[in-house]
Structures are given as structure tokens and as C-alpha cells.
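Listed below, chain by chain, are the residues.
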Amino acid sequence: MNSEKLESLSLEALCALAEKMGLDLPAGLDRPFVVEEILDALVEDSEDRRSAGDEAVHVDEKKYSGSELDGLDAPKDDVPGLESRYNETTIRALVRDPSWAFAYWDVSDSERAALAGEESAAPLFLRVVDLSSGCEDAACEHFDIPVSADDQQWYINLPHGGMRFRIDLCTRKAGNHSARARTLARSNILSSPRQELHPGPGGIDQSSARLLNLSGISDLRIQTIEPDNPLRITSPGVELQPGDGD
Amino acid sequence: MANGQLALVLNAHLPFVRHPEYPRFLEERWFFEALSETYLPLLRLFRRLEADSIPFKLTLTISPTLASMLGDKLLGDRYLLYLEMQSRLAAAEEQRLSGDPTFQPVLRLYSELYRQDREDFETLYGRDILGAFDYLYKKGRIELITSGASHAFLPMFVDCPEAVSAQIETAIVAHRRLFGKHPTGFWLPQLGWHPGLADALRSYNLLYTIITTRSALLGDPTPHRGSFAPVQCPNGLTVFIRDAEATKAVWSESEGYPADSAYRDFYRDIGFDLPIDYLSPYLEEEHARIFTGFKYWSVTGPTEAKSPYDPERAARRAREHAAHFLAARAASAGLASRWMDRPPLMVCPYDAELFGHWWFEGPLWLEALFRQAEGGPLDIVTLGEYLRQFPENQVSMPEFSSWGDGGYAEVWLDGSNDWIYRHLFKAIERMTELAERFPDESGLRERILNQAAREVILAMCSDWALIMRAGKAHAFARRQVEDAIGNFGKIYDMLCSNTVGTEWLTRLEKRNNIFPDVNYRIFRKKR
């Protein structure tokens, strides 16, 4: 996407594009300013991604250098050849990183009709069930996230890394928060990645501590979960530096 | 203490892009550029090292999608047309710059590159690039390993064992067909590891894979040799660990060697500098500006005022950087060896296309590295060699991680690409349903089921999600996913209604002709 390409788009298309990019433009903004805002946002986005890290993917992108930036001008929700939904009551979840999971779901038309009929406008919500402690279902800790009838996917902030969990798509009788939740669908069971070291019963000895430092552990912001370990690594590279005590 | 050991691992991969339905297709250039700037230059440097009896060693993945394209006649024909077009552009540039001595050395470099590429591709290798790598494989110079069939980001699919198996098994079958051997190692696409993959990999008799430092150090228990030795999953799968410092030295866009001011600037290309009317005869689409590969400026620094590229100066820097890299690894090994009970191993996995395509001088650096390493303090080894030397390793189960931004799945799961998964998982579920319903088909129905399996595997390709997030070629990437899932959906409907459009099927088989040995039964439920 470059200025030439943007100039060729209608004002309506530009506004639609700006909206897709999450830009909040004042109504009635003149066309040159809309173009400028979009270009600024594209540059900013690119710089953000570049400064976010030096991981391999930035270089990986260079493989696909044959053409200009052509993205964003074709709306992704208008997907030819794909069904917009599969009309089934289901939920699936994916772990993105230690802090976030992604869930998508759907409620079949018949289920929706039943909900509307039996429990007038029964609200939907997601129940994130923490299975980490090996608890039985009813005894598990959980938290609920209300969703609207039109929502079909959410990113969910996880309270901690190393969490084993499931996400249930639930409903309950409208206007009654103490009413028992009814589960419409259950997701697969997931585990979010741990963010702490697992030193094992012997802890981390001096040699290992030095080798972990040499391996770049300080860049990974990893912490230990062994509070009594005298050689624990509490924060990036504070206690253990290469050459310590050499 | 013995010397440290250094294992270079290159992952050669491109997604499957082949469009016979069009006379020319812009994104096929990705493959042509990589052939010209990476794969053929790599083979040339291996030849030079062989000629000089330099004992180079390398572990190399040729991904199944890339292998399929390397062996494809249509793409071979089109590559020759690409070379012809590049040579014509070089001739036009010689004329345009005839009075300007500044750019003559770099221009000669490009003219020679495309001439040499043509000679190697057509005459020396008879278009058989896979054969050229196989020759080095059989000689023990390189160790060829495989990767996910369509480079799927496997942590996303750990709850779908059928999908994971389809990626692994299809890749192994392709590797055996192409190279006549069972691969011993498996490159995890995007270094995407999840504990749930260990059993699947081991069940296919794969001996080892490679993970990020993060995966390893967060493993259970913590590896006591850090990243300087592999660990072993409880099921026996050996997991090599990427060396973080070596990675940064080459990968980092800001601090890595490729950012040196003497090297060729990747972004400044005549495709965006010269008038479009002048360029049009040499472009796939007459008025779409593209990177032509003709780049005359050096990185210089954070300025728009670039200095002309000086190939000799850049080559000197590549040799200096190779020396620096070896010295830094030797120093690291020296430190680590004080705390080790065996020679420290440093595993350096990189995308092959970094060398030559993005970092133009990368092949020179690699060649200098092998030459300078001879007789030095580091032994260059392949991963298989190391494993034969040290078959027993600490038992530890690494944690989920990848080499993408943030270290996890953010690149392949964000607002730009998360819509894929609803359709993808449905397609996988339906493919499993078909494989269960039709377990023993033959003839036309087997053909159509196999094509369905191909389409699902193609839709799982992680490159499309990555490209969508990057913004470049976004619409194209989206279309690849839509097409594959759309094709699968059409086949599914045909099978459900017991009608088969044979003409359409034949056309699709000819277009998406990847994985000729695919067996749709790989999607049967794992029991």
C-alpha cells in the first residue's frame, strides 16, 4: 500500500480502509488528510513491529518481496467461497502466549431459537475454568466474561502462565445472576506456557547457573518458582552473571 | 577440554505458489528470486569448498513445498523466462549507466549472477537442483532433514493429532521419494514447539528437532547445560537448542551483520527509483512496481542519502564478520567449557533465504566461515553427527515457544489472521470425517479424497498468516487460504451429494500437483 495506490481509491473506500485499520477519523475529513492519516498509521505500524523485537519473522518477511504492499484494500469479511458460519453450537480455543488465549464460537440457529423461546434473551457468557489444580469440575476456580449475541470470537487475558484451562460457552436465565449457568459448549482443554524455571528437586547448581547465563537467560525475563533455592534466578541476570566468582 | 562444536542449520523454505492458469504470476517471483540469490549461490559455494577440499558440514531443511517447486517443470520453464527478463534488464541498465563508472562493478555483478544462474540451472544441473543437494547429502557434506508438509505452525494443532500427523507423514513420504532415505531430523516450522508434539514426532522415528532457547530453558526440568547441549524428551526425542547469541549476530535487523554499512541495501531497488515506463518491459505486470533485484546502494546508515555499493568492500566485510562470528563462538565455548562435562555445542539455525536474498553477502560470509573454521578451535558438525557422538542427554520436556515476535504464537494468531482458524479447524474436522467414512476407496473417489487432503494441508501453511500480519501481499495470502479451504469445501459437498465434477477435479489436480503420494487416510482418527 503506497500513496499512489491510496490516491486511486474512492473516499468511501479510504474511509472503510481507515475503519478497518482502527483509525478514528473525524467525520467529513478531507480526502488528502484521510490519505495522510492512513499512510502515517502504516508507517507507525511498520515501525512498531520492527521495534518490537529482532526475531526471525522480520527477516522471514523479506522472502516475500516480489511486490508492493498490497494489503488492506480487500475486505477480509467478504470471503468468497467460504461459509460465513457452520451453524453449530461449538467453541474452540487456542493459546497465543502466556497471557492470552483466543476463543471462537457459534450458537446454532435452533439453539438460538430455543434460548429465545425458553429464557427470553438469555445472555451468553464465557466461563474460563482453571483446571490447573486437577480439581473436579464444580470445584474449579473460574471467571466469567459476558459476550453479546453477535460476538463470535474473543481474546481472553489469562491470569497466569502455566494455567491448564477450558473455556465454556454458557448462558443463564435473563436477569438472574444467581441462576445456575447452563453450558452450551465446552472448548478443548489448553495449557498456557509457564514463564518460570523448573529447576527440579536438586535446584540449579553453580555450573548450571553460569551456563544458563551464557545461554542468554537474562534476555528471556524468566523467573524461578523455587523460593528456597539459594541460587534461584530472581530477575533478569541480577544474581548470576557470566564470570561471577571466576 | 576439547573444542567447542558449531552446528549450522539452514531452513530452505517457500510456500507453494504455482499458478499454471495464468501465463505469468507475480508471486512466483519469490521462488525465482530465492533460486537466483540463495539456492544456486549456496550450491556454488559448496562446489568451491569441495574443489578446495574444505571440510564443510551443514544441516539443511528443504521444506516439502519448496522441494515440490524445485522439481516442477512448469516453474523451471518460468524460471528460465525470469532469467531471460533479468538479463535483458541488466543489458538495458548497462546501456543506461554506460557513462557512469560508479555503478559498473555492481552492475557487472548482476549480469554475471543471472548468466551464471542460467548456466548452472540448465547446463550444470540439468534443472535438477534437488539432485545437486542430494549429491552433497549422499556424500555426507550436508544432512538433509524434513519439515512440516506445508510449514504449518504446529503448536496451533496439538489438539488435532490427525492434522499434526498429516503434516509429518506427508513430509516424510515426500522426503523418502525425493532423497531415498528416511529423514532423521525434523525442522519445526517457525521453531514452533509444543510438548504435545513430542510423541507425534517420535512415533515417525524422527530422532531430533530444534527449538528456541526459551522453549528449552523453560523446560521441565531446567536443562543444566543451558543451550550448550541438547535435551531429550521422556520419549527419547532429542531436542537441539538454538544459540541465542549466534542468532542475534546474524538475525538482528538492527545489530546483526547484515545491517553493516558496507553491505548492499535490500530496500533501495531500481524497481521503485526509475520511471515505470522504463521498467515496464521487465515487470510481470506492466505497471506494478516491484523489487527487481537491481540494487546499487549500500546500507550506509540511517539515512536516505545512500552510498554506492562497493562489492569488494562488502566482500571484505563478509570475511571479517565470519572471523568475528567464529571468534565470538569460540570465546563463548571457552567460557562454557569451564562448566561443562563435554564440548559445548552451539546450534545456529537460520532461514536459508536470509543468505543471498536479503543479506546479499550471506553466501560469501558462509563460505568464509567454513574456510576460516578449518583447523580452528571449533569443530563444525551436523546435528546427526553430534547425536551419534552424544546419544544420551538430560531428560527434559521443553515448553511451548516459537521464534516469532514475542516468542509464542502472536504472529500467527492476531487480528489480521485469526479468521483462518474457524475455517481451518472445520476443514480438518470434515477431512477426518471423510477419511472415516471412506476408509478403503480406490479409483476416482480415492483421487478426490487425496485432493481434499492436499487442499487441507495447503490451507495449514503458516506463511499465509505471517504475510497477512506483515501487510505485504496480504490479499494474495488471504486468497491462498480461501482457495484451499474453498476447494476442500467443494470436494466435501461433492462427496456428501455423491457427485464428482471430474473435469474440475482434474484441473485442480494439475494446478495443485504437490504431494503426489499423499494418502487421505492420514486424516483418520488417531485412536
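Draft legend 1. View of the nonpolar core. Residues and elements named next belong to chain B. Ala7, Ala452, Ala453, Val456 and Ala459 are the most contacted members of the largest nonpolar core, which has 200 residues in total. Sorting elements by how many residues they give to this core places helix α1 (residues 29-51) first, with 11 residues. Dropping the residues within four chain positions of it, Ala453 is found in contact with Ala166, Met431, Val518, Tyr520, Ile522 and Phe523.

Draft legend 2. Quick peek at the domain arrangement of chain B. Residue and element names in this part refer to chain B. If you check the domain split of chain B, you get domain 1 (4-406) and domain 2 (413-523). For domain 1 and domain 2, the distance between their C-alpha centres works out to 28 Å. Those elements that provide at least two residues to the side of domain 1 that touches domain 2 are α2 (64-70) and α6 (161-179). In terms of residue count, the dominant contributor to the side of domain 1 that touches domain 2 is α6 (10 residues). Here the side of domain 1 that touches domain 2 is built from residues that sort into 12 nonpolar, eight polar and five charged.

Draft legend 3. Spotlight on the pairing of strand β7 (residues 238-241) of chain B. All names here are of chain B. Taking every second residue as pointing to the same face, both faces of β7 are buried, with Thr238 and Phe240 on one and Val239 and Ile241 on the other. In terms of strand pairing, strand β5 (residues 208-211) meets β7 through four bridges, oriented parallel. Paired with Thr209 across the bridge in β7 is Val239. Taking the residues that link successive antiparallel strands as the turn, the strand β6 (residues 231-232)-β7 hairpin has five residues, and the phi of Gly236 there is positive, at about 100°.

Draft legend 4. Seen up close, the confidence of the model for chain A. Residues and elements named next belong to chain A. Residues with a pLDDT of 70 or more make up 66% of chain A, whose mean pLDDT is 75. With pLDDT under 50 throughout, residues 46-57 is counted as low confidence; its partners more than four residues away or in other chains account for 20 contacts. Predicted confidence for residues 66-80 stays below pLDDT 50, and this span has 44 contacts to residues more than four positions away or in other chains.

Draft legend 5. Spatial organisation of the sheet that holds strand β2 (residues 100-106) of chain A. Residues and elements named next belong to chain A. If you walk across this open sheet you meet the three strands as β1-β2-β5, and the pairing is antiparallel. Each of the sheet's edge strands pairs with one partner strand only, and the pair in question is β1 (90-95) and β5 (153-157). For this sheet, the mean inter-axis angle between neighbouring strands, taken without regard to orientation, is 20°. As paired strands, β2 and β5 are joined by five bridges and run antiparallel to one another. Among the inter-strand pairings, Phe102 is bridged to a residue of β5, identified as Tyr155.

The rules behind each value
- For every chain, the first residue of the written sequence is number 1, and numbering continues from 1 along that sequence.
- Whichever chain is written first is A, and whichever ligand is written first is 1; the rest continue in order.
- Owing to the predicted nature of the model, reporting of local features is limited to residues with pLDDT of at least 70; listing and counting of side-chain atom pairs is limited to 80 or more, with chain, interface and lining totals taken over all residues.
- To define a nonpolar core, we join buried Ala, Val, Leu, Ile, Met, Phe, Trp, Tyr and Cys residues through C-beta atoms within 7 Å and take the resulting set.
- Counts of 20 or more other C-beta atoms within 10 Å of a residue's own C-beta define buried residues, counts of 12 or fewer define exposed ones, and intermediate counts define partly exposed ones; C-beta atoms are placed from the backbone.
- Going along the chain from the N terminus, every DSSP run of H or I of four or more residues is numbered as a helix, and every run of E of two or more is numbered as a strand.
- Think of it this way: build a C-beta for each residue from its backbone, and any pair within 7 Å is a contact.
- Note that the domain bounds were set by an automatic or database domain assignment.
- Any residue that is not Ala, Val, Leu, Ile, Met, Phe, Trp, Tyr, Cys, Pro, Asp, Glu, Lys or Arg is counted as polar, Gly included; the first ten are nonpolar and the last four charged.
- Here, a strand pair is defined by DSSP locating no fewer than two bridges between the strands.
- pLDDT is a residue-level measure of predictor confidence that goes from 0 to 100.
- The angle between two axes is taken between their N-to-C directions and runs from 0 to 180 degrees, where each axis is a line fitted to C-alpha atoms and a helix contributes only its stretch in contact.

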